[in-house]
Structure formats: structure tokens, C-alpha cells
Amino acid sequence: MKQMIRFRVDFSQACSLGPGKVELLESIQRTGSLRQAAQALGMSYRRAWLLLDGLNRSFNEQASTASIGGQGGGGVTLTPFGLEIIRSYRAAAEAIESVAQRELEGIAAKAVTSGPTETGTRRKRLARSGAGAPEHEPKHNHD
């Protein structure tokens, strides 16, 4: 099985770019519509709108422009900067995937390829350390 590598870049606390936003831009480029792009990705229109709006607010250049409906209907068009985002992210993803495949080849060969069996042991959740966990006192019933 081929490894799946997904990455996100945090440019600042207010600005990040990851596979979801890039896939949305690519879908907008194909469809010319935010609603159709969202539908193609199995995403709600609201979620798509929030992602695109966040992306447009994250940089000092817009990734897209929208036109209001009318006789020909509305739509969304990517700006040259939006196209640059796609190109740059995909180029970085290809380079990262190449490096990760090479560096993690030995580990990948040891990966389990099927889920746990009925007779297998179940994974346990890691316990939280006491430092950040709230203290809960046991309730006592005094009836």
C-alpha cells in the first residue's frame, strides 16, 4: 500500500494552508461555482464558504473573486494568486512525498495492512497526565 502524505503549512497564527483549502480551490477552478465545488467534495456550502472566506482573509491578496447572480448566473473565479497557491502547494506536496517515501521506506514495509482482528488485542487510549487534566472528586450518595 502506498503511503498517504498530507501536510499543512502555518504561515502565521492567522494564516494556514492545507489539503482541504487547496482541494476546494481546485474544485472551484473546475466548476466555476462554490456551490458545485462544495458538492463535488461532499462538503456543505457553508463549510466551503467559510474555508474560502478564511483563505481570502489570510493573505494580503485574494485567492478568488465572486460575481453575483444575474442573467448568466453568479460564480467564483480564481485569481492569479489563487492559481499560484494551487501550483506551489502541489509542487511542495510532490517534493515532500518523494522525500517521505524514501526516508520512511523501511518503516512503511513494517506497517500492518489490515485492521485488528476479533481475537487481537484492542488499543487502549493513552492516559492524560495529571498536569492538565481537571480533578474530579467522586460523588458520594448519602441517602
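Residues numbered from 1 in each chain as written. Predicted model: local features only at pLDDT ≥ 70, side-chain atom pairs only at ≥ 80, totals over all residues. Heavy atoms only, no water.

A.B. asks: Would you take a moment to explain the nonpolar core for this structure?
C.D. replies: When a protein is soluble and globular, its nonpolar side chains tend to lie buried together. With 23 residues, the main nonpolar core has Leu24, Leu25, Ile28, Leu34, Leu52 and Ile85 as its most contacted residues. Elements that contribute at least two residues to this core include exactly β2 (15-17), α1 (19-31), α2 (34-40), α3 (45-58), β4 (75-78) and α4 (80-103). The greatest single-element share of this core, amounting to five residues, is contributed by α4. If sequence neighbours within four positions are ignored, Leu24 has contacts with Leu34, Ala37, Leu41, Ala48, Leu51 and Leu52. (Core = buried A, V, L, I, M, F, W, Y, C linked by side-chain atoms within 4.5 Å. Buried < 20%, exposed > 50% of the residue type's maximum accessible area, 1.4 Å probe, protein only. Helix = DSSP H or I, 4+ residues; strand = E, 2+ residues; numbered from the N terminus. Contact = heavy atoms within 4.5 Å.)

A.B. asks: I would appreciate a short explanation of the layout of surface pockets in the present structure.
C.D. replies: The probe, sized like a water molecule, is rolled over the atoms to show the empty space still left. Here the largest pocket defines a volume of roughly 260 Å³. Considering the residues around the largest pocket, the lining is formed by 16 residues, among which Leu34, Trp49, Leu52, Ala66 and Val76 are closest to the centre. Sort the elements by how many residues they give to the lining of the largest pocket and α3 lands first, with six residues. (1 Å grid on protein atoms, 1.4 Å probe; cavity = no way out; pocket = protein on both sides within 12 Å on 5 of 7 lines; lining within 4 Å. Points joined across faces, edges and corners; volume = space filled by probe spheres on them.)

A.B. asks: What is the right way to read the side chain of Ser58 from this model?
C.D. replies: Positionally, Ser58 belongs in helix α3. Note on Ser58: relative accessible area 18%, which makes it buried. Within the local environment of Ser58, its side chain forms a polar contact with the backbone oxygen of Ala14, the two atoms lying 3.4 Å apart. A polar contact of 2.6 Å, which involves the side chain of Ser58, links it to the backbone oxygen of Gly54. Those residues in contact with Ser58 that lie beyond four places of it in its chain are Ala14 and Cys15. (Polar contact = N/O pair within 3.5 Å; in protein donor to acceptor, adjacent residues only side chain to side chain.)

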